[in-house]
Amino acid sequence: MGEGDLQRVVDNILGNGNIIELNETKTFALCEQKPTTDHARRQYRFVVIRLNDKAIVHEGTFSMGYVQWLDDKSIEVASGSPSSDEGSTMKIIHVNSPLE
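Procedures and definitions
- Residues numbered from 1 in each chain as written.
- Predicted model: local features only at pLDDT ≥ 70, side-chain atom pairs only at ≥ 80, totals over all residues.
- Heavy atoms only, no water.
- Phe/Tyr/Trp six-rings, centres within 6.5 Å; stacked < 30°, edge-to-face > 60°.
- Helix = DSSP H or I, 4+ residues; strand = E, 2+ residues; numbered from the N terminus.
- Buried < 20%, exposed > 50% of the residue type's maximum accessible area, 1.4 Å probe, protein only.
- Pairing = 2+ DSSP bridges.
- Axes fitted to C-alpha atoms, helices over the stretch in contact; angles between N-to-C directions.
- Salt bridge = Lys/Arg side-chain N within 4 Å of Asp/Glu carboxyl O.

Caption draft 1: Inspection of the packing of aromatic side chains at higher detail. Overall, the coordinates contain two aromatic pairs when judged by the stated rule. Centroid distance F46 to F62: 6.3 Å. Interplanar angle 40°. Geometry classified as tilted. Note that F46 is positioned in strand β3 (residues 43–50) and F62 in strand β4 (residues 55–63), a separation of 16 residues in sequence. Accessibility classification places F46 together with F62 in one group, the buried group. The rings of Y44, F46 and F62 are connected pair by pair, giving a single aromatic cluster.

Below, the structure is given as structure tokens:
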């Protein structure tokens, strides 16, 4: 499966207009809905896909925040308003492949 196949899989899950970012070893793809101008009022979905079989190993949502690779096996998800201690959460998710 090539890059176009991955894009089709992600489009089917998240809809058109998304961001795909590979981890360092190119074993997983972090895919998220692309923020729009009204991003403060929306919730965004994201998925982590294992590339060798296109399986979803994690999915979630965030709002007023971001999702990004922390290292080769972990993503960081921030959600809520960073200016408010009560409204902001941050978590680290490990995306280990059972095939390793």
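Having seen it, we continue.
Caption draft 2: Structural detail: the sheet that holds strand β1 (residues 18–22). Overall, antiparallel pairing links the four strands, which are arranged β1-β2-β3-β4 in an open sheet. The open sheet has two edge strands, β1 and β4, and neither has a second partner. Here the strands of the sheet are splayed against their neighbours by 20° on average, with no regard to which way each runs.

Caption draft 3: View of the sheet that holds strand β7 (residues 89–94). The three strands lie next to each other as β5-β6-β7, forming an open sheet whose pairing is antiparallel. Lying at the two open borders of the sheet, with one neighbouring strand each, are β5 (66–71) and β7. The sheet shows a mean angle of 25° between the axes of neighbouring strands, taken without regard to direction. Both strand β6 (residues 74–79) and β7 contribute to a ladder of six bridges, which runs antiparallel. Across the sheet, residue A78 finds its bridge partner in β7, namely M90.

Caption draft 4: Spotlight on the pattern of salt bridges. Tallied over the entire structure, the rule returns three salt bridges. Two residues, R45 and E59, come together in a salt bridge whose shortest N-O distance is 3.6 Å. Here the residue R45 occupies a position in strand β3, and E59 occupies one in strand β4, the gap between them amounting to 14 residues. The class of R45 is partly exposed, set by a relative accessible area of 31%.

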